[in-house]
Amino acid sequence: DDADISQLLQLQPLIECYFVVNSPKTQEAMKSDRFRAFRDFTHAHRKILNIFCQKKPSLMKRSMKSLLWHPKKILNFHNKHIHFLSEIRKQRLQYGHSPSLRVLVRRKRFFFEDSYHQIKDRSVQELKRPVTVKFYGEAGVDAGGLTREWFLLLSREIFNPGYCLFTPAADNANVFQPNPNSYVNPDHLDYFKFVGRFVGKAIYDQQLLDAYFTRSFYKHMLGMKPSLSDIESIDPAYYKSLKWISRNKIDGQGLCMTFTLEDTVFGKQVVYELKNDGKDIEVTDANKDEYLQLIAEKKLTKSIQRQIDAFLKGFREVIDPKLLSIFNEQELELLICGLPDIDVNDLKANTEYKGIPSSSQLIQWFWEVVDDMTQEEKANLVQFVTGTSKVPINGFKSLQGMNGTQRFQIHKASGKDRLPTAHTCFNQLDLPDYSSLKSMRKNILLAIREGAEGFAFR
C-alpha cells in the first residue's frame, strides 16, 4: 500500500549508493562473472527496484540505468515503455517543427499500393516526421483520427494473401510468419522493406497495430536467435517429434535420420542438407543437439532469410535496435499491438476443464490469482497459453487453435508446487497441485514471466 511504498522509498538513497559502487558501466560488462553478485541481487529484489523506477523514471537514465541491460530483463514492461518513450521524445526534438509527412491514398483495392509508393522512397528524416493522412475523394481533415485509421487498415492489409508476404501460424490464424514462398511476388523484398518501415514508424509514432507475428519473428526484430520451441507455432506436429528426439535415446531405434530436412514446395518434394554432406551423416545421441539446432535455424531463419533481411532493413531505418533491445519478444508484441483489454469474466465463462472440476479449490485459487494480476500480467498469461496477447473481437469464445475454434483449457497436471506448462496449439494450461494459494501465485507468475522458452516449460 501507499504507506509501505513511502517507507520503502526512504531506502532509495542507500540503494542508489549500492548501484554507484557495484553496477557495471557497460552492457557487455553486465554479462561477466565479476558482476554475478550484482545480477543475483537485482534479480532477487526486482519488485522493489521496479517500484523505485516507477516512482522516479529518471533513475533509469542515471544510477539504475544498468537495470536496462540485465540479462533477465527484470524491469517490467511499464518501466521499460516509459524509458523507451522518453528516448523517442529526445529523437523527435532533433527534428523540431518539421513539416508533416503527407500520405494521400485511395481506399480498397489500391490502398496497399498507394501506401507503398507514398512511403518507399522517403528519407529517414521524413519518416520521423508526424504523419497526416488524406483519403482520396473524401472531405475529412486529419486531426489524428485518419492517421489512426490508416495505421490500423494497413496493419491488416499487409497480411492480404494476394501479396503472398505472410502466412498464418499453424496454431493460430491471427498470428503471422513471413512466407518462405513470397518470391512468387516479384516485388516481395521491396514490400518487406516497406512493411518494416511501416511497423517501425508505428512504434516511433506510438500507433497501435492489429498485426500479430510469431514469437520467432519478434526475436528477429530484436536481433535474438529463435529457439527450437519456436517451431511449435509454425508446425506443431513436427515440433512434437523433435521434442521426442530431444528427450529420448535414439541410438538403435532404427530412425534412419540424416542431417537433412524434407519440405514440399508447390507440390514438389525438396530435400535440404543441413550441413556439408548432411545426407551422409547419421543423427545419433552424440550429435542430435547439433541436428536440432540446425533444424530450428533452417525452418525459422534460413528459409526466410531474405524476407527477414529486407524487413529489418526498413525497420531499423526508423527504430534503433539498441533502444529496442531492452524488451523481450513478448513485450515487443505489447509495444506494437498494445496491452489487450482482458475481461476475466469472459475468459472464465469460456474456459474448459479436463481432469479437474471447476468447483475445486485449485481452480478457485487459479481465478483468484488471475483476478489479482495487473493488466500486463494478464496479457502475459494469455500469451503464455495461446501464443499471442490478441483477444478475438468476439471475445474468448472465438479463441483460435490449430483446428479452428479452441477455447481456453485448464488440464490437471501431475506433480505438486511446480511450474505450470502450456501447449499453445491447443490453448491449454497444464496446472499441477499446489499446497497453498501463495505457492500457486509464485509459480504461475514465474512461468508467465520467464517460462515462455525451452522444453522445460512447454
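So, how was this worked out
Residues numbered from 1 in each chain as written. Predicted model: local features only at pLDDT ≥ 70, side-chain atom pairs only at ≥ 80, totals over all residues. Heavy atoms only, no water. Helix = DSSP H or I, 4+ residues; strand = E, 2+ residues; numbered from the N terminus. Expected span 1.5 Å × (residues − 1). Buried < 20%, exposed > 50% of the residue type's maximum accessible area, 1.4 Å probe, protein only. Contact = heavy atoms within 4.5 Å. Pairing = 2+ DSSP bridges. Axes fitted to C-alpha atoms, helices over the stretch in contact; angles between N-to-C directions. Parallel < 35°, antiparallel > 145°, perpendicular 65-115°, else oblique. Left-handed = near helix turned anticlockwise from the far one by under 90°. Salt bridge = Lys/Arg side-chain N within 4 Å of Asp/Glu carboxyl O. 1 Å grid on protein atoms, 1.4 Å probe; cavity = no way out; pocket = protein on both sides within 12 Å on 5 of 7 lines; lining within 4 Å. Points joined across faces, edges and corners; volume = space filled by probe spheres on them. Nonpolar A, V, L, I, M, F, W, Y, C, P; charged D, E, K, R; others polar.

It is worth spelling out helix 10 (residues 188-205) at this point. Two residues of an α-helix separated by three or four positions point the same way, owing to the 3.6 residues in each turn. Its 18 residues place the ends of helix 10 25 Å apart at the C-alpha level, agreeing with the 26 Å of an ideal helix rising 1.5 Å per residue. The buried count for helix 10 comes to 15 of 18 residues, which makes it a mostly enclosed element. Backbone geometry just after helix 10 places Gln 206 at a positive phi near 60 degrees.

Our next topic: the environment of Asp 205. Note that Asp 205 resides in helix 10. As for Asp 205 and Lys 298, which are separated by 93 residues in sequence, their C-alpha atoms are 34 Å apart. For Asp 205, the contacting residues outside a window of four places in its chain are Arg 92, Arg 129, Val 131 and Phe 151.

What follows concerns the sheet that holds strand 10 (residues 408-416). Strand order in the open sheet made by the four strands is 7-10-12-11, with mixed pairing throughout. Both outer strands of the open sheet, strand 7 (351-354) and strand 11 (421-423), are each paired with one neighbouring strand and no more. Between one strand axis and the next, the sheet turns through 30 degrees on average, direction left out of account. Here strand 7 runs beside strand 10; their pairing, made up of four bridges, is parallel. Looking at the pairing, Thr 351 lines up with Phe 408 of strand 10. Contacts between helix 19 (residues 375-386) and the sheet are confined to strand 10, strand 11 and strand 12 (428-433), with strand 11 contributing the most and set at about 60 degrees to the helix.

Of the pairings in the sheet, the one linking strand 5 (residues 260-265) to strand 6 (residues 268-273) comprises six bridges and is antiparallel in character. Bridge pairing in strand 6 places Leu 261 opposite Tyr 272. Where strand 5 folds back on strand 6, the antiparallel hairpin that results is connected by two residues, among which Phe 266 adopts a positive phi of roughly 50 degrees.

Another aspect to go through is the packing of helix 16 (residues 329-337) against helix 19. The interhelical angle for the contact between helix 16 and helix 19, taken along N-to-C directions, is 115 degrees, at an axis separation of 11 Å. Comparing the axis directions of helix 16 and helix 19 gives the class roughly perpendicular. Seen from above, helix 16 lies across helix 19 with right-handed handedness. Residue-level inspection shows Gln 330, Glu 331, Glu 333 and Leu 334 of helix 16 in contact with helix 19, the latter providing Glu 376, Ala 379, Asn 380 and Gln 383.

This model, assessed by the stated rule, comprises 24 salt bridges. The partner of Arg 62 in a salt bridge is Glu 16, with the nearest N and O atoms 3.9 Å apart. Placement of the pair is Arg 62 in the loop between helix 5 (46-55) and helix 6 (77-93) and Glu 16 in helix 2 (residues 12-22), with a sequence separation of 46 residues. The class for Glu 16 is buried, based on a relative accessible area of 16%.

A few words on unusual backbone geometry. The residue Lys 108 is not glycine, and still its phi comes out positive at about 60 degrees. Position of Lys 108 among the secondary structure elements: in the loop between strand 1 (101-105) and helix 7 (111-119).

As for its position among the elements, Ile 48 is in helix 5. The spacing of Ile 48 and Ser 227 is 179 residues in sequence and 31 Å in space, taken between C-alpha atoms.

What follows covers the layout of surface pockets. Computed from the structure, the largest pocket encloses a volume of approximately 1,700 Å³. Taken together, 48 residues line the largest pocket, and the ones lying closest to its centre are Arg 46, Ile 74, Asn 76, Glu 377 and Arg 449. Every element with two or more residues in the lining of the largest pocket is listed here: helix 4 (36-44), helix 5, helix 6, helix 16, helix 19 and helix 20 (437-450). Among the residues making up the lining of the largest pocket, the classes are represented as 17 nonpolar, 14 polar and 17 charged. Here the second largest pocket defines a volume of roughly 560 Å³. Lining the second largest pocket are 26 residues, with Pro 180, Asp 263, Lys 299, Ser 303 and Ile 304 positioned closest to its centre. Elements represented by at least two residues in the lining of the second largest pocket include exactly strand 3 (166-169), strand 4 (172-178), strand 5, helix 13 (288-300) and helix 14 (305-318). Here the lining of the second largest pocket is built from residues that sort into 11 nonpolar, eight polar and seven charged.

All right, on to the pairing of strand 4 then. Looking down a regular strand, the side chains alternate between one sheet face and the other. For strand 4, the tally of buried residues reaches five of seven residues, placing the bulk of the element in the interior. In this sheet, strand 4 lies alongside strand 3 in antiparallel orientation, the contact comprising four bridges. What sits directly across from Pro 168, in strand 4, is Phe 176.

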